[in-house]
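# Structural overview
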Amino acid sequence: MTQPVRLIPLLCPHCQNPIPAQPDEVAWVCTNCQKGLLLDESKGAVPLNIFFHAGLSAGKTGAPFWVTRGRVVFQQRETYRGNEKKAMQAFWAEPRLFAIPAYALPLEEAIALGVKFLQQPLKMEAGKPAPFLPIVVSPQDVHPLAEFIVMSIEAERKDALRQLTFTLSLEPLQCWILPV
Ligand SMILES: [Zn+2]
């Protein structure tokens, strides 16, 4: 996707400070007022709450994630052999906590991290601000990535999955800086 040309500099919506934005970045913490902001394609920079995890160690760079609860409703699970439908339905009976990497990562690694988080979620406790890797994954890209994570979890079950159809609904996203 080509980046839109920015004819006017991005300004912090809280304090009007110019944001030294790199071309791929979509969200920042303002260096002047320390508040979060997100690039909205139509509105420019809009306020964004950025949460820092309590488990971040001082002086270490954290990694940004889009975190949200997601509910999965399955329509069909077709297999070549075996049938793990009951295990699948038990696992997804309640909404699950998703964390989608928001920093630059190859797709396979991003999915693997998302799967790991979903299976062993962190307790989301906020702590002190810390430096973090650039945020380059926009909120619009989160839903397809979360669908990949669901597919990946289901493909790893003991049966031989042939086809899976489901709908995934996500709650509003939160931006978290997590220890990695
Ligand atoms: Zn500011």
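Calculation rules
- Residues numbered from 1 in each chain as written.
- Predicted model: local features only at pLDDT ≥ 70, side-chain atom pairs only at ≥ 80, totals over all residues.
- Heavy atoms only, no water.
- Helix = DSSP H or I, 4+ residues; strand = E, 2+ residues; numbered from the N terminus.
- Buried < 20%, exposed > 50% of the residue type's maximum accessible area, 1.4 Å probe, protein only.
- Contact = heavy atoms within 4.5 Å.
- Areas by Shrake-Rupley, 256 points an atom, 1.4 Å probe, with all protein chains shown as cover.
- Lys, Arg positive; Asp, Glu negative; His and termini not counted.
- Charge placed at Lys NZ, Arg CZ, Asp CG, Glu CD.
- Domains from an automatic or database assignment.
- Buried area = accessible area lost by both parts, 1.4 Å probe.
- Salt bridge = Lys/Arg side-chain N within 4 Å of Asp/Glu carboxyl O.
- Polar contact = N/O pair within 3.5 Å; in protein donor to acceptor, adjacent residues only side chain to side chain.
- Nonpolar A, V, L, I, M, F, W, Y, C, P; charged D, E, K, R; others polar.
- Pairing = 2+ DSSP bridges.

## Some remarks on the overall build of the chain
Of the regular secondary structure elements, the chain holds three helices and eight strands. In sequence order, the secondary structure elements of the chain are arranged as β-β-β-β-β-α-β-α-α-β-β. Dimensions of the chain along its principal axes, counting C-alpha atoms only, are 60 × 35 × 25 Å. Across the 180 residues in the chain, those meeting the buried criterion constitute 38%. Counting contacts in the chain only where the partners sit at least 6 residues apart, residues at least 24 apart contribute 73% of the total. Taken as a whole, the chain presents about 10600 Å² of accessible surface, with 54% of it coming from carbon and sulfur. Side-chain charges of the chain comprise 17 positive and 16 negative groups, with the mean position of each set lying 7 Å from the other.

## Comments concerning the domain arrangement of the chain
As far as domains go, the chain holds domain 1 (1–48) and domain 2 (52–123 + 138–178). Between the C-alpha centres of domain 1 and domain 2 the distance comes to 28 Å. Taken together, the contact between domain 1 and domain 2 spans five residues of the former and six residues of the latter. Ranking the residues of domain 1 by area buried against domain 2 places Val26, Leu38 and Leu48 at the top, with a combined share of 71%. Put simply, domain 1 and domain 2 have zero salt bridges between them. Inspection of the domain 1/domain 2 interface yields zero residue pairs in polar contact (both at pLDDT 80 or more). Grouping the amino acids of the side of domain 1 that touches domain 2 by side-chain chemistry returns four nonpolar, no polar and one charged.

## Some remarks on the side chain of arginine 157
Assignment of secondary structure puts arginine 157 in the loop between α3 (142–155) and β7 (160–170). A distance of 2.7 Å separates polar atoms of two side chains, one belonging to arginine 157 and the other to glutamate 154. Those residues in contact with arginine 157, other than ones at most four positions away along the chain, are Arg77, Glu84, Ala87, Met88, Phe91 and Trp92.

## A closer look at the pairing of strand β5 (residues 63–81)
In terms of strand pairing, β5 meets strand β8 (residues 174–178) through five bridges, oriented antiparallel. Each bridged residue has a counterpart across the sheet, and for valine 67 the counterpart in β8 is glutamine 174. Note: β5 against strand β6 (residues 96–101), six bridges, orientation antiparallel. Counterpart to arginine 69 in the pairing with β6 is leucine 97. Sheet analysis places β5 next to β7, joined by 10 bridges and oriented antiparallel. From the neighbouring strand, glutamate 78 faces β7, where its bridge partner is glutamine 163.

## Notes on unusual backbone geometry
Phi is positive for glutamine 16, which is not a glycine, with a value near 70 degrees. Counting through the fold element by element, glutamine 16 comes out in the segment before β1 (27–29). Using a relative accessible area of 48% as the deciding quantity, one classes glutamine 16 as partly exposed. A positive phi angle, close to 65 degrees, is found at glutamine 34, a residue other than glycine. You can see glutamine 34 is positioned in the loop between β1 and β2 (36–40). The exposed category is assigned to glutamine 34, whose relative accessible area is 54%.

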